Amino acid sequence: MTLPAMTANGFNAETAYQRLREQIVASERMPNERLVEVDLANDFSVSRTVVRTVLTRLEQEGLVVREPNRGARVRMVTEAEAVEILQARCALETLAAFHAALNATPEDIEELRKILDEASGLLGSGNLLSYSDCNARLHDKIVEVSGHKTAGSLIRGLRAQLVRFQFKTILVPGRDVHAFAEHSSVVEAIADKDPERAERAMKAHMGHITEAIAQTDLARNQRRNP
């Protein structure tokens, strides 16, 4: 869906969309939080018509739920949904890793290792949330290197479903160190131009993320309060 370029009062509607999306992804707007049209219009200095268009776009991305007579709210991903999303991502990201090993240039491999080095520094400093962001950049780079545009498009859509942001698996004790070792295995397989090994390493990594979901605080809370 294409948003109108400018609102009547001169504010950019695309900016309103980007700001609300960033707030949701950064957990500034919490899962199940109501999104009141008039409040959003005031927050972003846009019309309610623009707000409705923004909410429709976010609904299509799976970030917002709109219900008749109840309005819109930030979508809460359930543990079961999170597992399904990651299972789908696993199939696509293993495909991307396979093709990345086939297509990676020396420059690509150098960039992957630079991201790993950055992640190592963040891990050593205990900055787990920035470390998680760095890990996401590594996944993005692997998809880019793969050159598989269909897989990349589908992965981006699945990542938008908030699994990473609502289920912070990186905060599960021990998960940070294991994640680094798993990412290192993927990168080394890509560097060795070994697509089957890269595929296996990525599959193992995504499987461990799926298993870690059950250990997050959000998953435990959902089971206690179904």
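Calculation criteria
Residues numbered from 1 in each chain as written. Predicted model: local features only at pLDDT ≥ 70, side-chain atom pairs only at ≥ 80, totals over all residues. Heavy atoms only, no water. Pairing = 2+ DSSP bridges. Helix = DSSP H or I, 4+ residues; strand = E, 2+ residues; numbered from the N terminus. Phe/Tyr/Trp six-rings, centres within 6.5 Å; stacked < 30°, edge-to-face > 60°. Lys NZ or Arg CZ within 6 Å of the ring centre and 35° of its normal. Buried < 20%, exposed > 50% of the residue type's maximum accessible area, 1.4 Å probe, protein only. Arc of directions from axis to C-beta. Expected span 1.5 Å × (residues − 1). Contact = heavy atoms within 4.5 Å. Axes fitted to C-alpha atoms, helices over the stretch in contact; angles between N-to-C directions. Parallel < 35°, antiparallel > 145°, perpendicular 65-115°, else oblique. Left-handed = near helix turned anticlockwise from the far one by under 90°. Nonpolar A, V, L, I, M, F, W, Y, C, P; charged D, E, K, R; others polar. Salt bridge = Lys/Arg side-chain N within 4 Å of Asp/Glu carboxyl O.

Novice: Is there a simple way to explain the sheet that holds strand 2 (residues 64-67) in this structure?
Specialist: Sheets are built from strands paired through backbone hydrogen bonds, the pairs being either parallel or antiparallel. With respect to topology, 3 strands assemble into an open sheet ordered 1-3-2, the strand pairing being antiparallel. Unpaired on one side and paired on the other, strand 1 (34-35) and strand 2 mark the two borders of the sheet. Two strands pair when backbone bridges link them, and strand 1 and strand 3 (residues 71-74) are joined in this way by 2 bridges, in the antiparallel orientation. Directly across from Arg34, in strand 3, lies its bridge partner Arg73.

Novice: Please clarify how the packing of aromatic side chains should be interpreted in this entry.
Specialist: The geometry of two aromatic rings is summed up by the distance between their centres and the angle between their planes. Under the counting rule described, the total for this entry stands at 0 aromatic pairs. Residue placement shows Arg57 over the ring face of Tyr17; its charged tip is 3.7 Å from the ring centre.

Novice: Is there a simple way to think about helix 2 (residues 37-44) in this case?
Specialist: The periodicity of an α-helix, 3.6 residues per turn, causes residues three or four positions apart to be oriented the same way. Restricting attention to buried positions, one finds in helix 2 the residues Glu37, Leu40, Ala41 and Phe44. Summarising the axial view, the buried residues of helix 2 lie within an arc of 105 degrees, below the 170-degree limit, and thus occupy one face. Backbone geometry just downstream of helix 2 places Ser45 in the positive-phi region, at approximately 55 degrees.

Novice: Sorry, what's going on with helix 3 (residues 48-60) here?
Specialist: Taking 1.5 Å of rise per residue, the 13 residues of helix 3 would be expected to cover 18 Å, and the 18 Å separating its terminal C-alpha atoms lies within 8% of that figure. Among the residues of helix 3, Val50, Val51, Thr53, Val54, Leu55, Thr56, Arg57 and Leu58 are the ones counted as buried. Looking at the packing, one finds that the buried side of helix 3 touches helix 1 (13-25), strand 1, helix 2, strand 2 and strand 3. In the stretch just after helix 3, Gly62 is the one whose phi turns positive, near 85 degrees.

Novice: Mind showing me how you'd approach the packing of helix 1 against helix 3 here?
Specialist: A pair of packed helices is characterised by two quantities: the angle between their axes and the separation of those axes. The geometry of helix 1 relative to helix 3 is characterised by a closest axis approach of 10 Å and an angle of 50 degrees between their N-to-C directions. Relative to helix 3, the element helix 1 is oriented oblique. Relative to helix 3, the crossing made by helix 1 is right-handed. Note on element contacts: helix 3 touches helix 1 through Val50, Val54, Leu55, Arg57 and Leu58, opposite Ala13, Glu14, Ala16, Tyr17, Leu20, Arg21 and Ile24. A breakdown of the residues in the contact of helix 1 with helix 3 according to their chemical character gives 9 nonpolar, no polar and 3 charged.

Novice: What is the right way to look at the pattern of salt bridges in this model?
Specialist: Proximity of charged atoms lets side chains of opposite charge pair with each other. Applying the stated rule across the entire model yields 21 salt bridges. The salt bridge involving Glu81 is made with Arg75; its shortest N-O contact spans 2.9 Å. On the basis of relative accessible area, Glu81 is assigned to the partly exposed category, the value being 28%. You can call Arg75 buried: its relative accessible area is 14%. One salt bridge connects Glu111 with Lys114, and the closest N-O pair in it is separated by 4.0 Å. With a gap of 3 residues between them, Glu111 and Lys114 both fall in helix 5 (residues 106-125), about one helical turn apart. Connected through salt bridges with shared partners, the residues Arg89, Glu93, Asp140 and Arg159 form a single ionic network.

Novice: Can you walk me through unusual backbone geometry in this structure?
Specialist: For residues other than glycine, phi is negative in most cases, and the peptide bonds are mostly trans. For Ser45, which is not a glycine, the phi torsion comes out positive at approximately 55 degrees. If you trace the backbone, Ser45 turns up in the loop between helix 2 and helix 3. On the accessibility criterion, Ser45 (28% relative accessible area) is partly exposed. One non-glycine residue, Asn69, adopts positive backbone phi at about 70 degrees. Among the structural elements, Asn69 can be located in the loop between strand 2 and strand 3.

Everything listed is a geometric property; what it means functionally is a separate question.
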